[in-house]
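Remarks on the overall topology
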Amino acid sequence: MAAISLPALPASWNPPSDPSSSISSLNERKLIPAGRAYLHHVQRTVHDLSFDAHDAHVEEERK
Amino acid sequence: MAAPNGSIPNGSAAAGDTGAPAVVGINFGNSYASIARGLAECIANEDGERQIACAVAFQGEEMYLGNQAKHQLVKNSQNTITGFRNLLGKKFSEIPQSQIALSAPVIQHPTEPDVPAYRVQVLQPAPSPLPKSAAHTPAASNVATPRSEPISAERILSVSEVTTIFLKSLLQSAEDFLGKKVSGAVISVPAWFDTPARAALSKAAEDAGITVLQLLDEAGAISVCTIARDADLEKDDAASKEDPTPADRTALIVDIGASALELALISLSSGLSTTLHTSTVSDGSVGGDALDSALIRFFAKDFTKKTKAPLSVAPSTEPQDKRAEAKLRLAVEHTKRTLSASPGAATCSVESLKDGLDYTGSINRMRFDMEARAVYTAIGRSISKLLEEAGVDGYAVDEVVYVGGSACLPGVDESIADVFREDVRTPFKAGTVVGGGSGDPTTVLARGCALQAELLTNIASAGGEKVDEITGSFASGSEHTQVKTTSRTIGLLVPVAAESAEGSIAELGGVFVPLVRKETPLPARRRNVFAFAISPDNARVGFELWEVAEGIKIDRIKLPAPEPEEGEEPEEEEDEYEEVKSVTLAKEKYLGSVVLEDVKGSKEAKVEVTVSVSQEGKVEVKAREVAEGGKETSLSVGA
Ligand SMILES: Nc1ncnc2c1ncn2[C@@H]1O[C@H](COP(=O)(O)OP(=O)(O)OP(=O)(O)O)[C@@H](O)[C@H]1O
Ligand SMILES: [Mg+2]
């Protein structure tokens, strides 16, 4: 897939001040326990793995 | 690939099979069931049927199953059992008795308290003479015994027992078709199936000899099938490479069966699905049965016109009309299938419909759509209501997935089209409905279950640490299904100088690209590569990170007045307007900025942006120029 093209920052741009310290409050939902993505989600939780660590693990298994 | 040994009918069983057992997916509807293995075609039973009617009938010494049993509804309805799936897990006292029974009525089990059951008349072989010993006698030794006339007897079958009989025959069909044992199955259940219903189904299936790997919500089966299809399309479809299905999207599942309409609005998020809202309408106003009624009224009128014999059906009161209605109901199954396959004339033929008169008539799709208008409208109304309850505009729905036999009718898709965006994805647009394509509404449930069955067996056989906990996470009510999702879309904004901007870019003050959509389950990670332009005087690229509020804007656009026909007086007409919707974005929360100075590129810099949001909502953004010695930077936002 081609990368999305984005414009350059204007020369006059400065970062806005006072960033928020957190994102908006989260929703509570229920995942449907189905599919490979759910399996991976559970594996990361159960083994306490980051996305990167889990990726490495999956890659390892494929070999 | 070598041809497999043994005979495998219908050729769709994968070649090169070894004798190893298979796992299958079962779509167990209230009216029809189907079985699949893998993403491939559904399995056909011995009559060549892939949509197998959920019916069990007894006639004399014979027991019929599937569509053969359904045909017993004409002359032997008292001994024909249908509609049992929806009664699983229910007490007799919980079942409304007002329901008019076209088949064997539900009765209180004579010996078990508050258990729904059926009473059927069967012929039983006459009791054989006293067995010679208590031990199992080989069957052959009985052959010599002269057989007496079978005797008429009553048989009581609980809802669970009927289910077991039916599921056992499904299992048998699958094993015959595949030429191998079935070691496990995932069975679909509707969203409203409660704990007792699930328990009753599991028990009935186990009693039928089926190892139940999971009872999967229909929405789950659909999302599995949908995601697998995306992956497949991406692999070989050139068109989808140009316009890939977004991994993050909102989908509406429209399941139109025989007696019920089930709707589910789900969020698909890189393969993870959450249910946003569901609804079920089962009052008989929407679904295949209602379409049948419309169709048989049409044919009954036509019959009377052609023969002068009065016939009033749907509803019918006279016994003769009732019989004719039952015959028509069976006959229009074929008519509807023809109508969904082609716009031309579809016939309906019934021998001796009434008063010994045969009937043959036809209807084309356009006429059928007129007859079906009320049902289509009711479907549209239910969809609008669901979207309203969910607080989601139809314009924000990215994909419509059709499920259930009645959703094969293109008229359904056409009649609800204006609720959605013009570019909404539907299997009709993609041309994947006909001929059992990947979007075939009659097979998606079984195929989704089949894929899920494969996934579950692979987990179990791979083993490893904590495999029990992982397997257990697929059980209904597992704590792993509890999840937090984002409530706003987070994205990057590249500011643009006010003078050069127009439209939405001017409104937002820059170019916005969503990175993590709202309703994304956490933790989440999204990675994209962007090509940033570099201005000649400044070798820096970057963006602001914002949370945005999305809305829908409706503009009323005046339509041009129709040109008066030549020679006609120009009419005084009221202006006509068209409502045009568009998505609006408003910046809500500024979260920080990411800037890479002194990038390597000359005209543009390719930058990989990775956003991770933790379970608690902490955001990490990493930006890295994709170039040798490219700069990296990062940003974290609270929680
Ligand atoms: N190709 C088709 N075109 C039109 N209608 C069809 C087609 N195939 C099946 N049907 C109709 O679809 C209905 C069955 O749909 P489905 O198999 O999804 O039912 P179900 O989920 O078991 O039913 P229920 O709504 O009672 O739970 C029947 O009314 C049948 O006539
Ligand atoms: Mg159904």
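Every value quoted in this text rests on a predicted model; they were computed, and no experiment measured them.

1. Section: the overall build of chain A
Summing up its helical and strand segments, chain A has two helices and two strands in all. The N-to-C order of helical and strand elements in chain A reads β-β-α-α. Its C-alpha radius of gyration of 19 Å places chain A more than 25% over the 11 Å reference for a compact globule of 63 residues. The buried share of chain A, reckoned over its 63 residues, is 24%.

2. Topic: the overall build of chain B
Regarding its fold elements, chain B presents 14 helices and 26 strands. Looking at the 639 residues of chain B, the share that counts as buried comes to 41%. Here the contacts in chain B between residues at least 6 apart in sequence split such that 66% fall between residues at least 24 apart.

3. Considering the interface of chain A and chain B
Residue-level contacts link 40 residues of chain A with 68 residues of chain B. Of all the secondary structure elements, the ones that give two or more residues to the side of chain A that touches chain B are strand S1 (4-6), strand S2 (27-30) and helix H1 (35-46) of chain A. It is H1 of chain A that provides the largest number of residues to the side of chain A that touches chain B, a total of 10 residues. When the residues that make up the side of chain A that touches chain B are grouped by side-chain class, the tally is 25 nonpolar, 11 polar and four charged.

4. Quick notes on the site of ligand 1
Residues and elements named next belong to chain B. Close to ligand 1 lie 21 residues, the nearest being Gly29, Gly257, Gly288, Gly404 and Gly405. Of the residues forming the shell around ligand 1, the biggest block, four residues, is contributed by helix H7 (residues 319-341). Here the shell around ligand 1 is built from residues that sort into five nonpolar, 13 polar and three charged.

5. Structural notes on the domain arrangement of chain B
Residues and elements named next belong to chain B. For chain B, the assigned domains are domain 1 (248-424) and domain 2 (489-560 + 576-637). Each of domain 1 and domain 2 has a C-alpha centre, and these two points are 44 Å apart. When contributions to the side of domain 1 that touches domain 2 are tallied by element, the ones reaching two or more residues are strand S13 (261-269) and strand S14 (272-281). The class makeup of the residues in the side of domain 1 that touches domain 2 is three nonpolar, three polar and two charged.

6. Observations regarding the environment of Ala341 of chain B
Residue and element names in this part refer to chain B. The topology assignment puts Ala341 in helix H7. Overall, the presence of 16 C-beta atoms within 10 Å leaves Ala341 in the partly exposed class. Once the C-alpha coordinates of Ala341 and Gly435 are considered, the two residues, 94 residues apart in sequence, prove to be 8.4 Å apart.

7. Side note on the pairing of strand S15 (residues 346-354) of chain B
Where S15 of chain B and strand S16 (residues 357-363) of chain B come together, six bridges link them in antiparallel fashion. Considered in S16 of chain B, the bridge of Ala346 of chain B is made with Ile363 of chain B.

8. Examining the packing of helix H6 (residues 288-307) of chain B against H7 of chain B
Residue and element names in this part refer to chain B. Two numbers describe how H6 lies on H7: the axes approach to 9 Å, and their chain directions differ by 110°. The angle between H6 and H7 places the two elements in the roughly perpendicular class. Of the residues in H7, those touching H6 at Leu291, Asp292, Leu295, Ile296, Phe299 and Ala300 are Glu325, Leu328, Arg329, Val332, Thr335 and Lys336. Its residues assigned to classes, the contact of H6 with H7 comprises seven nonpolar, one polar and four charged.

9. Overview of the environment of Tyr376 of chain B
All names here are of chain B. As for its placement among the helices and strands, Tyr376 is situated in helix H9 (residues 373-390). Judged by the 20 C-beta atoms lying within 10 Å of it, Tyr376 falls in the buried class. When the C-alpha positions of Tyr376 and Thr489 are compared, they lie 34 Å apart, and in sequence the two are 113 residues distant.

10. Brief notes about the nonpolar core
Residues and elements named next belong to chain B. Val24, Ile26, Ala185, Ile187, Ile253, Val254 and Cys449 are the most contacted members of the largest nonpolar core, which totals 171 residues. The biggest single contributor to this core is helix H12 (residues 444-462), with 10 residues. Ignoring any residue separated from it by four or fewer positions in sequence, one finds Ala185 in contact with Val23, Val24, Gly25, Ile26, Ile210, Thr211, Val212, Leu213 and Ala453.

11. Notes on H9 of chain B
Residues and elements named next belong to chain B. Here H9 spans 26 Å end to end across 18 residues, near enough to the 26 Å set by a 1.5 Å rise per residue. Listed as buried for H9 are Val375, Tyr376, Ile379, Ser382, Ile383, Leu386 and Leu387. Along the axis of H9, the buried positions cluster into a sector of 130°, meaning they face one direction only. Summarising the contacts, the buried residues of H9 are in contact with strand S12 (248-256), S13, S14, H6 and helix H10 (410-416). Taken from the residues just after H9, Gly391 is the one with a positive phi, measuring 70°.

12. Brief notes about the sheet that holds strand S6 (residues 80-82) of chain B
Residue and element names in this part refer to chain B. Strand order in the open sheet made by the three strands is S5-S4-S6, with antiparallel pairing throughout. Each end of this open sheet is capped by a strand with a single partner; those strands are strand S5 (62-65) and S6. When strand polarity is set aside, the average angle formed by the axes of neighbouring strands in this sheet is 15°. Looking at chain direction, strand S4 (residues 55-59) and S6 are connected through three bridges and run antiparallel. By the bridge assignment, Ala55 is partnered in S6 with Thr82.

13. Points about the sheet that holds S1 of chain A
Taken in spatial order, the five strands make up an open sheet running S1(A)-S21(B)-S24(B)-S25(B)-S26(B), and their pairing is mixed. Looking at the sheet topology across the chains shown, the edges are occupied by S1 of chain A together with strand S26 (632-637) of chain B. Taken pair by pair, the neighbouring strands of this sheet meet at an average axis angle of 25°, ignoring direction.

14. Observations regarding the environment of Val159 of chain B
Among the structural elements, Val159 of chain B can be located in helix H2 (residues 159-178). The spacing of Val159 of chain B and Gly209 of chain B is 50 residues in sequence and 17 Å in space, taken between C-alpha atoms.

15. Quick look at the confidence of the model for chain A
When the pLDDT values of chain A are averaged, the result is 92; 98% of them are 70 or greater. Highest mean pLDDT in chain A belongs to H1 of chain A (96); lowest belongs to helix H2 (residues 51-62) of chain A (90).

16. Remarks on the packing of H2 of chain B against helix H3 (residues 195-207) of chain B
All names here are of chain B. It is the contact of H2 with H3, at a shortest axis distance of 8 Å, that shows an interaxial angle of 50°. The orientation of H2 with respect to H3, classified from their angle, is oblique. Judged by the sense of rotation from one axis to the other, the crossing of H2 with H3 is right-handed. Contact residues: H2 offers Ser160, Thr163, Thr164 and Leu167, while H3 offers Ala200, Lys203, Ala204, Ala205 and Asp207. Its residues assigned to classes, the contact of H2 with H3 comprises four nonpolar, three polar and two charged.

Rules behind the numbers
Residues numbered from 1 in each chain as written. Chains lettered and ligands numbered in written order. Predicted model: local features only at pLDDT ≥ 70, side-chain atom pairs only at ≥ 80, totals over all residues. Helix = DSSP H or I, 4+ residues; strand = E, 2+ residues; numbered from the N terminus. Rg over C-alpha atoms; globule rule 2.2 N^0.38 Å. Buried ≥ 20, exposed ≤ 12 C-beta atoms within 10 Å, placed from the backbone. Contact = placed C-beta atoms within 7 Å. Nonpolar A, V, L, I, M, F, W, Y, C, P; charged D, E, K, R; others polar. Near = placed C-beta within 6 Å. Domains from an automatic or database assignment. Pairing = 2+ DSSP bridges. Axes fitted to C-alpha atoms, helices over the stretch in contact; angles between N-to-C directions. Parallel < 35°, antiparallel > 145°, perpendicular 65-115°, else oblique. Core = buried A, V, L, I, M, F, W, Y, C linked by C-beta atoms within 7 Å. Expected span 1.5 Å × (residues − 1). Arc of directions from axis to C-beta. pLDDT = per-residue confidence, 0-100. Left-handed = near helix turned anticlockwise from the far one by under 90°.

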